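# Per-entry structural report
Residues per chain, in single letters:
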Amino acid sequence: MNEQDPLSQQALDDLSPEEAREIEYRDYQSFEIPLIHPGTVQQRRASWSSILATITQTGLGQRVRASLQAIETANPDKFSRLFGSMTWTSEEVLSGEVLAAVMQAMDRTPKMHEGNMSHDVLGGAYEYLLKRFSDGSGTRAGQFFTPREVVELIVEVLDPKGYESVYDPTCGSGGMLIASANLLKAHGGRGYTLSLYGQEAVQDTAGVARMNLFMHNLTQFQVEVGDTLKDPRFNKPDGSVAQFDVIIANPPYSLKWKPWTNDPRAVGGVAPQSSADWAFVQHMIASMGPKKGRAGVVLPHGVLFRGGQEAAIRQRVLDDDLLEAVIGLPANLFYNTSIPTAILVFRAAGTKAPERQGGVLFLDASKRFTKAKNRNILTAADIADVVNAYHSKFDADGNPLDPDGEGGLAARFVPTTEIVANGYDLNIGRYIKHATAEQEDLGTLIDAYNIARAERQKVEARMLQVLAAAGIGGFDA
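Residues numbered from 1 in each chain as written. Predicted model: local features only at pLDDT ≥ 70, side-chain atom pairs only at ≥ 80, totals over all residues. Heavy atoms only, no water.

Next up on the list: the pairing of strand β3 (residues 165-168). Because side chains alternate across β3, one face comprises the buried residues Ser 165 and Tyr 167, and the other comprises Val 166 and Asp 168, equally buried. Of the pairings in the sheet, the one linking β3 to strand β4 (residues 195-200) comprises four bridges and is parallel in character. Note that in β4 the partner of Val 166 across the bridge is Leu 196. Where the polypeptide runs from β3 across helix α10 (residues 175-186) and back to β4, its parallel neighbour, the crossover connection is right-handed. (Buried < 20%, exposed > 50% of the residue type's maximum accessible area, 1.4 Å probe, protein only. Helix = DSSP H or I, 4+ residues; strand = E, 2+ residues; numbered from the N terminus. Pairing = 2+ DSSP bridges. Right-handed = clockwise from strand over helix to strand, strands pointing away.)

This brings us to a nonpolar patch on the surface. A cluster of nonpolar side chains, Trp 48, Val 98, Val 102 and Met 106, forms an exposed patch at the surface whose accessible area comes to about 330 Å². By the element assignment, Val 102 lies in helix α7 (residues 96-107). (Patch = residues over 30% accessible without salt bridge, like charges linked within 9 Å, V, L, I, M, F, W, Y side chains within 5 Å. Areas by Shrake-Rupley, 256 points an atom, 1.4 Å probe, with all protein chains shown as cover. Salt bridge = Lys/Arg side-chain N within 4 Å of Asp/Glu carboxyl O.)

Bringing the pairing of β4 into the picture now. By the bridge criterion, five bridges tie β4 to strand β5 (residues 221-225) in an arrangement that is parallel. Looking across to β5, one finds that Leu 196 is bridged to Phe 221. Regarding topology, helix α11 (residues 203-215) serves as the crossover connection from β4 to the parallel β5, and that connection is right-handed.

Below, the discussion takes up the nonpolar core. Soluble globular proteins tend to bury their nonpolar side chains together. Leu 153, Trp 278, Leu 323, Leu 344, Phe 346, Phe 362 and Leu 363 are the most contacted members of the largest nonpolar core, which has 94 residues in total. Among all residues touching Phe 362, those that are not within four sequence positions of it are Val 326, Ala 410, Ala 411, Arg 412, Val 414, Ile 419, Leu 426, Ile 428, Tyr 431 and Ile 432. (Core = buried A, V, L, I, M, F, W, Y, C linked by side-chain atoms within 4.5 Å. Contact = heavy atoms within 4.5 Å.)

In total, this model carries 17 salt bridges according to the counting rule given. Between Asp 277 and Arg 306 there is a salt bridge whose closest N-O contact spans 2.9 Å. Separated by 29 residues along the polypeptide, Asp 277 in helix α12 (residues 277-286) and Arg 306 in the loop between β7 (294-300) and α13 (309-319) bring together distant segments of the chain. Residue Asp 277 is classed as buried on the basis of its relative accessible area, which comes to 0%. For Arg 306, a relative accessible area of 23% corresponds to the partly exposed category.

With that settled, consider unusual backbone geometry. Phi is positive for Asn 217, close to 60°, though the residue is something other than glycine. Since its relative accessible area comes to 37%, Asn 217 is described here as partly exposed. A positive phi angle, close to 45°, is found at Ser 254, a residue other than glycine. Relative to the helices and strands, Ser 254 resides in the loop between β6 (246-249) and α12. Residue Ser 254 is classed as partly exposed on the basis of its relative accessible area, which comes to 33%.

A few words on the sheet that holds strand β10 (residues 359-364). One open sheet accounts for nine strands, arranged β5-β4-β3-β6-β7-β9-β8-β10-β13; its pairing is mixed. In the strand order of this sheet, the two ends are held by β5 and β13 (410-415), each with one partner. Neighbour to neighbour, the strand axes of the sheet diverge by 15° on average, direction disregarded. As paired elements, strand β8 (residues 323-328) and β10 share four bridges and run parallel to each other. Counterpart to Gly 328 in the pairing with β10 is Asp 364. Sitting on the sheet, α12 is in contact with β3, β6, β7 and β9 (341-347), with an inclination near 175° to β7. (Axes fitted to C-alpha atoms, helices over the stretch in contact; angles between N-to-C directions.)

Among the secondary structure elements, Thr 89 is positioned in the loop between α6 (76-79) and α7. What makes Thr 89 buried here is its relative accessible area of 6%. At 2.7 Å, the side chain of Thr 89 forms a polar contact with the backbone oxygen of Met 86. If we ignore the near neighbours within four places in the chain, the residues touching Thr 89 are Gly 61, Gln 62, Val 64 and Arg 65. (Polar contact = N/O pair within 3.5 Å; in protein donor to acceptor, adjacent residues only side chain to side chain.)

Here's what the structure looks like:
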């Protein structure tokens, strides 16, 4: 039955009253509820009431699975691969008794559709469940859920506009895409005008993202499954990666990967096998539209200073003046790691504001957090202060004209020449002196120690040479 076709009375008569009511709510559902096993004695509609009527029969999980698969097949433009592999329908994973109890409990709740509940409420409820799962499951949750306040901060900085395209190459549960639409709506725009694109390596997580977007009434989206570094699914006709207005991501940190052998995304070099951090950045840079493309990514501090192949990539990015800002975040914000992270903001070549060209804005927000039960959080005031600092004007020395001297928030615009003099090191502590060592990860401290030790050894060697030349000895080399 096509959703545009008028519904005949005979068709309604062939359904139970509950099923007929569900079909009549087609305007709220806006998708087809098909038959499963058509033309057989097992024929039934793939609807809630149809499955609920068989709740005491064996094989409940298989019927739920068949119904969801039928809905996917009947609505490919909306629900293709929406429900993932549905391993939870297996009796070994979730017994029929438990599944039946869950369905009966859900059936006792008020009916939820847009006739009596807005998509803001439905979507918010879905995200609330995701967050509750994340709060209770720790590391596993970090694979697909980024804390909302971190998402809000990075979206505020990138500031998506109406009718723009937004792309998340490691989209998890789709929170960053949804936040982009929500921010546009909060600013008086129309969030549904955004074209949303995401890629996710885990099929079931991609299903969570599609459901999340659908529950928020966002229909202009496309979520693909696959390894973004190995097999980017959004491409131009010539095979190069597609380009977007806004690219936003929280990729897996320091992921071991198989480095590219011949890939045009590898500008400046190829990231080492031990860490794909800069490979994700390179992919995002390649995905930026040439006119107004901008990208924001959350990564560990090691990307700011590590040497070798990563240093070569960092040098190329800075020489091309693509990096606009480095925003240091507090430690213990995330579900899967306690280390401090940083937001790196990039702009397509030649598109930085004139006053931001030839330099990088460093912003230290490492002290701006509130302690919660399992992790630290950024408050709405923290986010607002960081965004205001990001938009600040700076004097000739790179200091903000309206500085925020209180509350552990400092910013400085650093010319690229100074960064070059520091060996292309982006360690925030080099440029904002009160970014304390206790906020830095172990790698940062080790790097700083090795540099200081090498400098001390050179000074001591020179001192011994001068003393020896003056005939003064007796010092241990």
